[in-house]
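# Architecture at a glance
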Amino acid sequence: MESTDRLILTLLATDGRMSYTDLGKATGLSTSAVHQRVKRLESRGLIKGYGATIDHEQIGLPLTAFISITPIDPSQPDDYPQRLQGIHEIEACWSVAGEESYILKVRVAMPSDLEELLGRIRGVANVATRTTIVLSTPFENRPVTTSSAADTEE
């Protein structure tokens with residue numbers, strides 16, 4: 001990937017609302033050239049979408065936890081993401097290597113809500129769980145870096 005495209009990705013990861021004009025100033029490209037590059041990055045799937053960073057504490061969901069799930073019966077189909085998809089407290093689901101099969105990132109209001117959520121997850125997916133509660137988040141969703149040994153000029 002070209003270094004200019006990497007820079008555009010970094011800038012948009014930092015501020016997804018950055019205008020094409022400001023992107024052009026930061027990259028040394030014209031507004032129309034930046035617009036074309038962004039559209040190409042979107043069509044290639046390098047930019048999957050744009051979103052807002054939410055202050056979960058202010059919306060009443062201050063408790064973040066990571067829940068590792070392990071199948072109780074490993075012979076059952078691996079359809080846990082589909083089973084858990086309807087549980088709205090689950091913000092992310094990652095398939096992982098190791099003892100656990102998946103790690104879930106969840107957000108709830110209070111410990112009793114987490115306890116109830118754990119019961120629902122176990123019931124819906126027929127899994128064992130291991131939970132880690134987040135005490136603080138010094139940083140999250142850091143933007144990609146602009147330099148890489150894999151940089152190639154297009």
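Just so you know, these numbers come straight off a predicted model, no measurement behind them.

Moving on, we get to the layout of surface pockets. Taken as a whole, the second largest pocket encloses approximately 250 Å³ of empty space. In this structure, the second largest pocket is lined by 13 residues; those nearest its centre are Glu57, Pro62, Thr64, Arg107 and Thr137. Here the residues of the lining of the second largest pocket sort into six nonpolar, four polar and three charged.

On to the pattern of salt bridges, then. Throughout the structure, instances matching the rule amount to 12 salt bridges. Aspartate 79 is the salt-bridge partner of arginine 83, the closest N and O atoms lying 2.7 Å from each other. The exposure class of arginine 83 is partly exposed, given its relative accessible area of 25%. The exposure class assigned to aspartate 79 is partly exposed, which follows from its relative accessible area of 26%. A network of salt bridges, in which partner residues are shared, links Glu2, Asp5, Arg37 and Arg40.

A word on the sheet that holds strand S4 (residues 127-133). The strand order across the open sheet built from four strands is S2-S3-S1-S4, with neighbouring strands paired in antiparallel fashion. Two strands close off the open sheet at either side, each with one partner strand: strand S2 (90-95) and S4. If you compare each strand with its neighbour and ignore which way they point, the axes differ by 20° on average. In the sheet, S2 pairs with strand S3 (residues 102-108) via five bridges, with the strands oriented antiparallel. Across the sheet, serine 95 pairs through a bridge with tyrosine 102, a residue of S3. In the packing of helix H5 (residues 111-125) onto the sheet, the strands contacted are strand S1 (63-71), S2, S3 and S4, and the crossing angle to S4 comes to about 155°.

Generally speaking, a soluble globular protein has its nonpolar side chains buried in company with each other. Ranked by size, the top nonpolar core spans 18 residues in total, and within it Ile67, Ile69, Leu84, Leu104, Val106, Leu114 and Ile121 carry the most contacts. Of the residues forming this core, the biggest block, five residues, is contributed by H5. Discounting chain neighbours no more than four positions away, the residues touching leucine 114 are Leu63, Ala65, Ile67, Val106, Val108, Thr131 and Ile133. Counting residues in hydrophobic clusters, the runner-up holds nine residues, among them Leu11, Leu23, Val34 and Ile47.

Within the secondary structure, alanine 33 sits in helix H3 (residues 31-43). When the C-alpha positions of alanine 33 and threonine 131 are compared, they lie 47 Å apart, and in sequence the two are 98 residues distant.

Okay, the packing of aromatic side chains next. Overall, the coordinates contain two aromatic pairs when judged by the stated rule. Judged by centre distance (6.1 Å) and plane angle (65°), the rings of tyrosine 80 and tyrosine 102 are edge-to-face. Placement of tyrosine 80 in helix H4 (residues 80-84) and of tyrosine 102 in strand S3 is noted, with a sequence separation of 22 residues between them. Tyrosine 102 matches tyrosine 80 in its accessibility class, with the two residues each being buried.

What counts and what doesn't
Residues numbered from 1 in each chain as written. Predicted model: local features only at pLDDT ≥ 70, side-chain atom pairs only at ≥ 80, totals over all residues. Heavy atoms only, no water. 1 Å grid on protein atoms, 1.4 Å probe; cavity = no way out; pocket = protein on both sides within 12 Å on 5 of 7 lines; lining within 4 Å. Points joined across faces, edges and corners; volume = space filled by probe spheres on them. Nonpolar A, V, L, I, M, F, W, Y, C, P; charged D, E, K, R; others polar. Salt bridge = Lys/Arg side-chain N within 4 Å of Asp/Glu carboxyl O. Buried < 20%, exposed > 50% of the residue type's maximum accessible area, 1.4 Å probe, protein only. Pairing = 2+ DSSP bridges. Helix = DSSP H or I, 4+ residues; strand = E, 2+ residues; numbered from the N terminus. Axes fitted to C-alpha atoms, helices over the stretch in contact; angles between N-to-C directions. Contact = heavy atoms within 4.5 Å. Core = buried A, V, L, I, M, F, W, Y, C linked by side-chain atoms within 4.5 Å. Phe/Tyr/Trp six-rings, centres within 6.5 Å; stacked < 30°, edge-to-face > 60°.

The analysis is restricted to geometry; functional conclusions fall outside its scope.
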